[in-house]
Amino acid sequence: MNRTTHLPDRRPVRDRNGAAAPPRASTAPRRRRPTSQQWAAWAFLTPVTLYLALFYAYPLYRNLDLSLRNYTVRSFVQGNAPFTGLENYQTVFDDPTFAPALLHTVVFTAVCLVFQYAIGLALAVFFNQHFRLSATLRALFLVPWLLPLIVSASTWSWMLNSDSGIVNAALHAVGIGPVNWLTSPSWSLASVIIANVWIGVPFNLVVLYSGLQSIPRSLYEAAALDGAGAWQRFRHITFPLLRPVSAITLLLGLVYTLKVFDIIWIMTKGGPADSSTTFATWSYQLGFGNLLPAFGPGAAVGNLLVVAALLFGLVYLRVQRKQALS
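In this text the structure is predicted, and so the values were computed from the model without any measurement.

Considerations on the packing of aromatic side chains
Line of reasoning, step 1. Counting across every chain of the model gives 18 aromatic pairs.
Line of reasoning, step 2. Here Phe93 and Phe98 contribute two aromatic rings whose centre-to-centre distance is 5.2 Å and whose plane-to-plane angle is 80 degrees, an arrangement assigned as edge-to-face.
Line of reasoning, step 3. Given the relative accessible area of 42%, Phe93 is considered partly exposed.
Line of reasoning, step 4. Its relative accessible area of 17% is what places Phe98 among the buried residues.
Line of reasoning, step 5. Between Trp145 and Phe203, the ring centres sit 5.7 Å apart and the planes meet at 65 degrees, which makes this aromatic pair edge-to-face. Of the two residues, Trp145 sits in helix α6 (residues 143-146) while Phe203 sits in helix α9 (residues 188-213), which places them 58 residues apart along the sequence.
Line of reasoning, step 6. Among the residues examined, Phe203 registers a relative accessible area of 21% and is labelled partly exposed.

Take a look at the structure:
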């Protein structure tokens, strides 16, 4: 029995005139295999992605879930809290502590940012002169930034103590009466602002000093030849060219200052009479400061801080995009 093998017809396709037509290109898309460089890129990207997912995305999700449910200690362990929607946020807005905490958060953040940036910029310009012992003094100014926050806050608590503090002792030496820095509602917020400014100045100094190093010296030399004084050189050269670095410094300082908790809690615990309570300390008090913790409202206050930081971040990105396009 003969078997016929059917082979594909490989004869060239001819057109109407008998000429051989060019072969048709295959229309099926070819799938490219990842190259070694792409595999290496994914290998480096995977740990960062896992880190962001585990330590940022998941906590944010859990905090949002806490703010939308009525969690108690029992339901927090068992995980069967009922969904309440925006009821926790309404509870926070109706709380009499909301308005003072909002005001204290705004004042604390704004005053700290202004003084940290102004003092840090002045010190950066001062150390940019490159005089003898400049590096040593600059390193000493980093000490407040390198110390643990609990050490810095405890030190300021001792210094501002009404009875045995060194600050009141210095005031007594010049004939000024003692001030109840930590126990007076009129001075408690100012006390924690002073401590936080002292801690935050070194960060501004380091970042702004690095920005000053990128400004060409030739610009200052040309301005000096034209008769520009020190203030004119700062106004027309230093400050404008330092604007991008200043923007990121203020943004990072804003995000950090919004969530300051350690300093306020160690020094005043938000008191007396909630005179130094901010959203950060209030969120902790709601969630962990009572025998019957209010996890939902505490998480809602924390989410308000997150939203505020995100809004300022978006404003910064929009401003930077406009500057890049212009």
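Read on for the rest.
Considerations on the layout of surface pockets
Line of reasoning, step 1. Here the largest pocket is characterised by a volume of approximately 470 Å³.
Line of reasoning, step 2. Around the largest pocket, the lining is made up of 13 residues, and of these Leu60, Lys259, Gly302, Leu305 and Val306 lie nearest the centre.
Line of reasoning, step 3. Going through the elements one at a time, α1 (36-67), α12 (243-258) and α15 (295-325) are the ones with two or more residues in the lining of the largest pocket.
Line of reasoning, step 4. Class assignment for the residues of the lining of the largest pocket results in ten nonpolar, two polar and one charged.

Quick notes on the pattern of salt bridges
Line of reasoning, step 1. Tallying each qualifying case throughout the model produces two salt bridges.
Line of reasoning, step 2. Two residues, Asp65 and Arg62, come together in a salt bridge whose shortest N-O distance is 3.5 Å. With a gap of three residues between them, Asp65 and Arg62 both fall in helix α1, about one helical turn apart.
Line of reasoning, step 3. For Asp65, a relative accessible area of 13% puts it in the buried group.
Line of reasoning, step 4. The salt bridge involving Asp65 is made with Arg69; its shortest N-O contact spans 2.8 Å.

Examining empty space enclosed by the protein
Line of reasoning, step 1. Tallied over the full model, the rule gives one cavity of 30 Å³ or more.
Line of reasoning, step 2. Considering only enclosed or pocket space, the largest cavity measures out at about 30 Å³ in volume.
Line of reasoning, step 3. Forming the boundary of the largest cavity are Thr105, Phe108, Thr257, Leu258, Val260, Thr278, Phe279 and Ala280.
Line of reasoning, step 4. Those elements giving two or more residues to the lining of the largest cavity turn out to be α4 (98-127), α12 and α14 (279-288).
Line of reasoning, step 5. The residue makeup of the lining of the largest cavity, split by class, is five nonpolar, three polar and no charged.

Parameters at a glance
Residues numbered from 1 in each chain as written. Predicted model: local features only at pLDDT ≥ 70, side-chain atom pairs only at ≥ 80, totals over all residues. Heavy atoms only, no water. Phe/Tyr/Trp six-rings, centres within 6.5 Å; stacked < 30°, edge-to-face > 60°. Buried < 20%, exposed > 50% of the residue type's maximum accessible area, 1.4 Å probe, protein only. Helix = DSSP H or I, 4+ residues; strand = E, 2+ residues; numbered from the N terminus. 1 Å grid on protein atoms, 1.4 Å probe; cavity = no way out; pocket = protein on both sides within 12 Å on 5 of 7 lines; lining within 4 Å. Points joined across faces, edges and corners; volume = space filled by probe spheres on them. Nonpolar A, V, L, I, M, F, W, Y, C, P; charged D, E, K, R; others polar. Salt bridge = Lys/Arg side-chain N within 4 Å of Asp/Glu carboxyl O.

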